[in-house]
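# Reading the structure
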Amino acid sequence: MNSRLDSETALVLAIGGGVTYVAFERPPLGAAMLVGIAAVTLLLLMMRNR
């Protein structure tokens, strides 16, 4: 396992932090963003398995 923080991990952490902040400040927008992120994640996982 590589102990360095690669750019993909840094991006995921930054986006996760941003979504968490938005969900805390504006719950309806946070819920919509959660659904969108979940859909994109599922699509990416399905495309990786091809």
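Notes on the structure follow. (Residues numbered from 1 in each chain as written. Predicted model: local features only at pLDDT ≥ 70, side-chain atom pairs only at ≥ 80, totals over all residues. Heavy atoms only, no water.)

### Some words on the overall build of the chain
Quick reminder of the rule: Every helix listed is a DSSP run of H or I at least four residues long, and every strand listed is a run of E at least two residues long, numbered separately from the N terminus. Each residue is placed in one exposure class: buried if its accessible area under a 1.4 Å probe, protein chains only, is under 20% of its type's maximum, exposed if it is over 50%, and partly exposed if it falls in between. Areas reported as accessible are Shrake-Rupley estimates using a 1.4 Å probe. Residue values count occlusion only from the protein chains shown.
A tally of helices and strands in the chain yields 2 helices and 0 strands. For the chain, buried positions account for 4% of its 50 residues. Carbon and sulfur atoms make up 69% of the accessible area of the chain, which totals about 4700 Å².

### Points about the packing of helix α1 (residues 7-25) against helix α2 (residues 27-48)
This is how the line gets drawn: Angles shown run from 0 to 180 degrees and are taken between the N-to-C directions of axes, each axis being a line fitted to C-alpha atoms and, for helices, limited to the stretch in contact. Any angle between 65 and 115 degrees counts as roughly perpendicular, while under 35 counts as roughly parallel, over 145 as roughly antiparallel, and the rest as oblique. Each crossing is labelled by how the near helix is turned from the far one, with a counterclockwise turn of less than a right angle marking it left-handed and a clockwise turn marking it right-handed. Every residue pair with non-hydrogen atoms within 4.5 Å of one another is taken to be in contact. Residue polarity follows a fixed list, in which Ala, Val, Leu, Ile, Met, Phe, Trp, Tyr, Cys and Pro are nonpolar, Asp, Glu, Lys and Arg are charged, and the others, Gly among them, are polar.
Remark: α1 packs on α2, axes separated minimally by 6 Å, with the N-to-C direction vectors making an angle of 150°. When the interaxial angle is binned, α1 and α2 end up roughly antiparallel. Relative to α2, α1 is oriented so that their crossing is left-handed. Packed against α1, whose contacting residues are Glu8, Ile15, Val19, Val22, Ala23, Phe24 and Glu25, the element α2 presents Pro27, Leu29, Gly30, Met33, Ile37 and Arg48 at the interface. In the contact of α1 with α2, the residues fall into 9 nonpolar, 1 polar and 3 charged.

Function-wise, these values are silent; they only describe arrangement.
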